[in-house]
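# Survey of secondary and tertiary structure
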Amino acid sequence: MTESILDDDLLERIRSRAAVHDRENTFFDDDLRDLAEIGWLRMLTPVERGGLGFGLERVAAEQTRLATAAPATALGINMHLVWTGVAKVLLDRGDASLAWVLDDAARGEVFAFGNSEAGNDLVLFGSTTRAEPRPDGGYAFTGRKIFTSLAPAWTRLGVFGLDDTEPDRPLLVHAFLDRDAAGVTTLDDWDTLAMRASQSRTTVLDGAVAPAERVFRRLPAGPSADPLIFAIFACFEILLSAVYTGLSQRAVELAVEAAKRRRSLKYDGRPYAHDPDIRWKVAEAGIAHDGIPPQIAALARDVDLLVDHGAAWFPRLVGLKVRATESARFVVDQALRVSGGSAIASSSELGRLYRDVIAGIFHPSDGESAHNTVANALLGPAPD
């Protein structure tokens, strides 16, 4: 990859803030401001539309680098990049329905992902939010969205809900809401074990209206072959994998530092890096981490190049997400074992990574859903 737009000095400043945001449970306003200044929000916007013109492969690499310093910052801003990525994936395939998202991003608008709902294991194929059609073509949304990352900063919120005014033909309606729309309330309820700086608060919608020009899809409820679904899955799973892989990379670095720093009385004061058991653990972490970045790059490159994997896209994408997040958990665990008891301190960077990496099991696609997708691809659907 060409040189990152995130230079070492800014990376270290962001790293120095991460512990403070985690300890104080605050949003990364300062990181967002600095990243916006270097073009982070418009990386996926084409140059001719005021952006940096990066593809998904380049953006995934940039997000991996950012996550080595501040995983929660990278995870939060990921949601903006998912929407701009979706807009670019569609535009690259001849669908300009979300081209305005790329233009807005170039102007500094911040997009957030308001699709997650408690108890909705249908994910994008069903919704507990009601979408009520209005005479002018707009929709009023009523429901409760969880895990709305970027909650303190977003200006455009992508949402979806169920329009069941025709019970025999229910529709899933996708639209964007503005921050100042009536009926949008952001709760201050984010006090979590992991990814605290992302401030992924709950959003309550009470008849919040998206005007007709912001309604961009009305799809039949249930699985869909619409390009929007592919675009969301591709951008979400690849960029999410990039974040946890950056976290994993940092854990390997910290394991190496600890092995060289710590001294062993058993080995006459020599560093633990000489201990064969410690060397094995560091090597295990390195082996587990090393296989993931090429997988991210390969799948992202295929998206950029419009490679058609057909039905194989979805098992590849969910498989990547599971491998990346589970690998990161294993790597952090090994790094903790190498680092000794100091890592359990609340001020420990590795201790924070240990908490942050846990969040990976909760993002779509979760383990159950991913394994079902892959099993269906390999074995065919299970009988009723």
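Heads up: the structure comes first, above all this text.
Numbering of residues begins from 1 in every chain and follows the order in which that chain's sequence is written. Note on the predicted model: pLDDT of at least 70 is required for a residue's local features to be given, and 80 or more for side-chain atom pairs to be given and counted; whole-chain, interface and lining totals, by contrast, use all residues. Computation of side-chain values: all heavy atoms of the structure, hydrogens and water removed.

Under the DSSP-based scheme used, a helix requires at least four consecutive residues in state H or I and a strand at least two consecutive residues in state E, with every element numbered from the N terminus. If you tally the helices and strands in the protein chain, you get 11 helices and 10 strands. Radius of gyration: over C-alpha atoms. The globule rule applied is 2.2 Å multiplied by the number of residues raised to the 0.38 power. By the compact-globule yardstick of 21 Å for 384 residues, the protein chain fits well, its C-alpha radius of gyration being 21 Å. Principal axes of the C-alpha set define a box for the protein chain whose edges measure 80 × 50 × 40 Å. Three labels apply to residues, based on accessible area from a 1.4 Å probe with only protein chains included: buried if under 20% of the type maximum, exposed if over 50%, partly exposed otherwise in between. Residue burial in the protein chain is summarised as follows: out of 384 residues, 54% are buried. Should any heavy atoms of two residues lie within 4.5 Å, those residues are considered in contact. Residue pairs at least 24 apart in sequence account for 73% of intrachain contacts in the protein chain once pairs closer than 6 positions are excluded. Summed over its atoms, the accessible surface of the protein chain is roughly 16,700 Å², and 54% of this surface lies on carbon and sulfur atoms. Charge centroids of the protein chain, computed over 41 positive and 54 negative side chains, lie 5 Å from each other. For the area figures, the Shrake-Rupley method with a 1.4 Å probe applies, and any residue is considered shielded solely by the protein chains shown. His residues and chain termini do not enter the charge count, which takes Lys and Arg as positive and Asp and Glu as negative. For the purpose of locating charges, the reference atoms are NZ of Lys, CZ of Arg, CG of Asp and CD of Glu.

Between the first and last C-alpha of helix H4 (residues 71-92) there are 29 Å, a value that for 22 residues agrees with the 32 Å anticipated at 1.5 Å per step. Bend is the name given here to the angle between axes fitted to two runs of seven residues, the run ending at a residue and the run starting at it. Where H4 bends most, at asparagine 78, the angle is about 30°. One less than the number of residues in a helix, times 1.5 Å, gives the span that helix is expected to have.

This paragraph deals with the side chain of serine 327. The topology assignment puts serine 327 in helix H9 (residues 313-339). We classify serine 327 as buried; its relative accessible area is 11%. A polar contact is formed between the side chain of serine 327 and the backbone oxygen of alanine 288, at a distance of 3.0 Å. When sequence neighbours within four positions are dropped, the list of residues in contact with serine 327 reads Ala288, His289, Ile292 and Val322. Contacts described as polar in this section are N or O atom pairs within 3.5 Å, which, within protein, must combine one atom able to donate a hydrogen with one able to accept it, while residues neighboring in sequence count only if both atoms come from side chains.

Here the bond from proline 364 into serine 365 is cis, since omega is -5°, no more than 30 degrees from zero. Along the chain, serine 365 turns up in the loop between helix H10 (349-358) and helix H11 (367-379). Unusually for a residue other than glycine, asparagine 25 sits at a positive phi of about 55°. In this structure, leucine 306 takes a positive phi of about 60° despite not being glycine. Position of leucine 306 among the secondary structure elements: in the loop between helix H8 (292-304) and H9.

A few words now on the layout of surface pockets. Definitions used for this entry: grid spacing 1 Å over protein atoms alone; cavity, a set of points where a 1.4 Å probe fits but cannot get out; pocket, an open set with protein on both sides within 12 Å along at least 5 of 7 lines; lining residue, one with an atom within 4 Å of a point. Grid points are joined across faces, edges and corners, and a volume is the space filled by probe spheres set on the points. Approximately 860 Å³ is the volume found for the largest pocket. If you go around the largest pocket, you meet 35 residues; those closest to its centre are Ser116, Phe147, Phe362, His363 and Pro364. Mapped by element, the contributors of at least two residues to the lining of the largest pocket are H4, strand S3 (139-148) and helix H6 (227-261). Top contributing element to the lining of the largest pocket by residue count: H6, with four residues. When residue character is reported, Ala, Val, Leu, Ile, Met, Phe, Trp, Tyr, Cys and Pro are called nonpolar, Asp, Glu, Lys and Arg charged, and the others, Gly included, polar. When the residues that make up the lining of the largest pocket are grouped by side-chain class, the tally is 20 nonpolar, 11 polar and four charged. Its volume calculated, the second largest pocket comes out at about 450 Å³. Taken together, 19 residues make up the lining of the second largest pocket; nearest its centre are Phe125, Pro223, Phe233, Phe314 and Thr373. When residues of the lining of the second largest pocket are traced back to their parent elements, those giving at least two are H6, H9 and H11. For the lining of the second largest pocket, the leading source of residues is H11, giving five residues. Here the residues of the lining of the second largest pocket are counted per class, giving 12 nonpolar, six polar and one charged.

With 111 residues, the main nonpolar core has Val86, Leu98, Phe141, Ile238, Tyr244 and Leu350 as its most contacted residues. Among the elements that make up this core, the one with the highest residue count is H6 (22 residues). Apart from residues lying up to four places away in sequence, tyrosine 244 is in contact with Leu75, Met195, Ala324, Thr325, Ala328, Asp356, Val357, Ala359, Gly360 and His363. Think of a nonpolar core as a cluster: buried Ala, Val, Leu, Ile, Met, Phe, Trp, Tyr and Cys residues, connected wherever their side-chain atoms sit within 4.5 Å.

Relative placement of two packed helices is described by the angle separating their axes and the distance separating the axes. Convention adopted: a line fitted to C-alpha atoms gives each axis, helices being fitted over their contacting stretch, and angles between N-to-C directions are expressed from 0 to 180 degrees. In contact at an axis separation of 9 Å, H9 and H11 are set at 145° when each is read in the N-to-C sense. Handedness of the H9/H11 crossing: left-handed. Only Ala370, Thr373, Val374 and Ala377 of H11 make contact with H9, whose side of the interface consists of Phe314, Pro315, Val318 and Val322. Its residues assigned to classes, the contact of H9 with H11 comprises seven nonpolar, one polar and no charged. For any pair of crossing helices, the crossing counts as left-handed if the nearer helix is rotated counterclockwise from the farther one by less than a right angle, and right-handed if it is rotated clockwise.

Take the pairing of strand S1 (residues 111-114) next. With burial as the criterion, each face of S1 is covered, one bearing Phe111 and Phe113 and the other bearing Ala112 and Gly114. Paired strands, in this sense, are two strands between which DSSP finds at least two bridges. Pairing geometry for S1 and strand S4 (residues 156-163), over four bridges, is parallel. Counterpart to phenylalanine 111 in the pairing with S4 is arginine 156.

A word on the packing of aromatic side chains. Centre distance within 6.5 Å is the pairing criterion for rings of Phe, Tyr and Trp, where only the six-membered ring of Trp is used; planes under 30 degrees apart are then read as stacked, over 60 as edge-to-face, and the remainder as tilted. Counting across every chain of the model gives 13 aromatic pairs. Ring geometry for tryptophan 83 and phenylalanine 113: centres 5.0 Å apart, planes at 35°, overall tilted. With a gap of 30 residues between them, tryptophan 83 in helix H4 and phenylalanine 113 in strand S1 connect regions that are remote in the sequence. One exposure class covers both tryptophan 83 and phenylalanine 113, and it is buried.

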